[in-house]
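A closer look at the structure
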Amino acid sequence: MRTSTPRTTDAVGRPASPVLSVAPLVLPTPDRAVDLEFRVSLPLTATEAPGNGNRLPVILLSHGQGHSNNLSSLNGYAPLVALWAAHGFAVIQPTHLSSTTLDLPPETPGAPMHWRSRAGDMARLIDRFDEIEAAVPGLAGRLDRERIAVAGHSMGAHTAGLLLGASLTDPDDGTEVELADPRIKAGVVLAGPGRGGDAITPPMAEALPFLTTTDFSRMATPTLVVRGEKDESGHLTVMGPDWHADPYTLAPGPKTLLTLFEAEHGLGGISGYDVAETTDENPARVAALAHLTSAYLRGVLYADDAAWRTAVEAHASGPDAFGRVESK
């Protein structure tokens, strides 16, 4: 267990709260290849919660599949997690079965991406909030069961999309799969996959056939879709950066699209501090994105919260804007 104090302020200039981060925590899951490990991060100061000072809205964060071994696990995404927690959220980060840190045999059912179990991990966490609260000092009775959001980056964004209402056809048996969880009230899709079909490169269609049938037409949960203006993702798609806007373009409202200027797939370096493979390192962009995503979720989960409007004015307006915002 450790504590850290992120040196940031929120979108309206308030000092950040110290953060408590507890890991690794384990939920015994005998029907899973290994038990479910996860991290919980939360503010130390109860009054930092955006609603009732003692009740914390929850963000379930799904990691991607980057080149760095340890960041595709409960240990990734500190630049976002620290600020989200400092702004009053309880952030829960599982290590999915696709994580290379687990070193599972390639013949493990669901490999290599374990797309179905990834979504199942999030449902398990919600199901077992009582156990999670009991395991974390100072958390008992504080998780707000009515204000749950999901966020994910890259492959994690695919996981988030399924929980928000996207569907696909299981390539193994041809059945339509819908994994939307009505307990999740809002989402953030960060550099997520777009539509399937001929948008997917042939090698990737063969390697990851579940990507070829993605359907956003019933993804109705309020969602902020974030894409990088220069996120080509040429190994995945022939469509270029516009492909990452599909979860906005092809889904029903309410949806918001944030296009980050000059950003590539790492969106400035969100997967960790000083990650070597970040091709577009920009700490100021990451800080702005953390503020915008936090504010968006506050605005959806608390209807009278003005944080989103203030964050857009600060980070997505005027000559120094980090990006542009559109909504439907």
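Residues numbered from 1 in each chain as written. Predicted model: local features only at pLDDT ≥ 70, side-chain atom pairs only at ≥ 80, totals over all residues. Heavy atoms only, no water.

What about the packing of aromatic side chains?
The test is simple: Between 30 and 60 degrees the pair is tilted, below 30 it is stacked and above 60 it is edge-to-face, where a pair is any two Phe, Tyr or Trp rings, Trp via its six-membered ring, whose centres lie within 6.5 Å. In this description a helix means any DSSP run of H or I spanning at least four residues, a strand means any run of E spanning at least two, and both kinds are numbered starting from the N terminus. Residue exposure (1.4 Å probe, protein chains only): buried if accessible area is under 20% of the type maximum, exposed if over 50%, otherwise partly exposed. Throughout this description, the term charge over a ring refers to an Arg CZ or Lys NZ atom that lies within 6 Å of the ring centre and within 35 degrees of the ring normal.
For the structure shown, the criterion picks out two aromatic pairs. Ring centres of Tyr296 and Trp308 lie 5.5 Å apart, and the angle between their planes is 85°; on these two criteria the pair is classed as edge-to-face. Here Tyr296 is found in helix H7 (residues 283-301), whereas its partner Trp308 is found in helix H8 (residues 307-315), with twelve residues between them in sequence. Residue Tyr296 shares its accessibility class with Trp308, and that shared class is buried. The aromatic ring of Tyr248 is capped on one face by Lys328, whose charged end is 5.0 Å from the ring centroid.

What to know about the side chain of Asp246
What counts, and what does not: A positive count includes Lys and Arg, and a negative count includes Asp and Glu. His and the chain ends are not counted in either. One speaks of a salt bridge when a side-chain nitrogen belonging to Lys or Arg is within 4 Å of a carboxyl oxygen belonging to Asp or Glu. We call two residues contacting when some pair of their heavy atoms lies within 4.5 Å.
Relative to the assigned elements, Asp246 resides in helix H6 (residues 246-249). Here Asp246 occupies a buried position and makes no salt bridge, while the nearest side chain of opposite charge, Arg195, is found at 4.3 Å. In this structure, Asp246 is in contact with Gly194, Arg195, Phe216 and Ala251, ignoring residues within four places of it in sequence.

Here we look at unusual backbone geometry
The omega torsion of the bond from Ala23 to Pro24 falls at -5°, within 30 degrees of zero and hence cis. As for its placement among the helices and strands, Pro24 is situated in strand S2 (residues 19-27). With an omega of 0°, the peptide bond running from Gly253 to Pro254 counts as cis. Relative to the elements of secondary structure, Pro254 occurs in the loop between H6 and strand S11 (255-260). For Ser233, which is not glycine, the phi dihedral falls at a positive 45°. Note on placement: Ser233 falls in the loop between strand S10 (223-228) and H6. On the basis of relative accessibility, which here comes to 8%, the residue Ser233 falls in the buried class.

Describing the pairing of strand S3 (residues 36-43)
Stated formally: By the convention used here, strands pair only if DSSP detects at least 2 bridges between them.
Within S3, seven of the eight residues are buried, which leaves it mostly tucked inside the rest of the structure. Pairing geometry for S3 and strand S5 (residues 90-94), over four bridges, is antiparallel. Bridge assignment links Ser41 to a residue of S5, and that residue is Val91.

Points about the packing of helix H1 (residues 78-86) against H7
Selection criterion: To obtain an axis, a line is fitted to C-alpha atoms, over the contacting stretch when the element is a helix, and the angle between two such axes runs from 0 to 180 degrees between their N-to-C directions. For classification purposes, angles smaller than 35 degrees are called roughly parallel, those larger than 145 roughly antiparallel, those between 65 and 115 roughly perpendicular, and all remaining angles oblique. The hand of a helix crossing depends on one turn: near helix anticlockwise from the far one by less than a right angle means left-handed, and clockwise means right-handed. By the convention adopted, Pro, Cys, Tyr, Trp, Phe, Met, Ile, Leu, Val and Ala count as nonpolar, Lys, Arg, Asp and Glu as charged, and the other residues, Gly among them, as polar.
Here H1 crosses H7 at 45°, and the two axes come no closer than 9 Å. Between H1 and H7, the angle falls in the class oblique. The two elements H1 and H7 cross, and the hand of that crossing is right-handed. Between H1 and H7, the residues in contact are Pro79, Leu80, Leu83 and Trp84 and Val286, Ala290, His291, Thr293 and Ser294, respectively. Tallied by class, residues from the contact of H1 with H7 come to six nonpolar, three polar and no charged.

Re the pattern of salt bridges
Under the definition given, this model contains 15 salt bridges. The salt bridge partner of Asp280 is Arg285, with a shortest N-O separation of 3.3 Å. The pair Asp280 / Arg285 is uniform in exposure class, with both members buried. Connected through shared salt-bridge partners, Asp127, Asp181 and Arg183 make up one network.

With respect to the nonpolar core
Basically, it comes down to this: As used in this record, nonpolar core signifies buried Ala, Val, Leu, Ile, Met, Phe, Trp, Tyr and Cys residues forming a set joined through side-chain atoms within 4.5 Å.
If you look at the biggest cluster of nonpolar residues, it comprises 39 residues, and the most contacted ones within it are Val91, Leu190, Val226, Leu267, Ile270, Leu289 and Leu297. The set of elements that each furnish at least two residues to this core consists of strand S4 (56-62), H1, strand S6 (143-153), strand S9 (184-190), S10, S11, H7 and H8. In terms of residue count, H7 provides more of this core than any other element does, eight residues in total. Not counting the four nearest positions on each side in its chain, Val91 is found in contact with Arg39, Val40, Ser41, Ile59, Leu61, Val81, Trp84 and Ala85. By size, the runner-up hydrophobic cluster in this structure holds 38 residues, among which are Leu60, Ala119, Ala160 and Leu163.

Quick look at the environment of Pro105
Mapped onto the secondary structure, Pro105 falls in the loop between S5 and helix H2 (115-127). Using a relative accessible area of 41% as the deciding quantity, one classes Pro105 as partly exposed. Counting along the chain gives 163 residues from Pro105 to Gly268, while the straight-line C-alpha distance between them is 33 Å.

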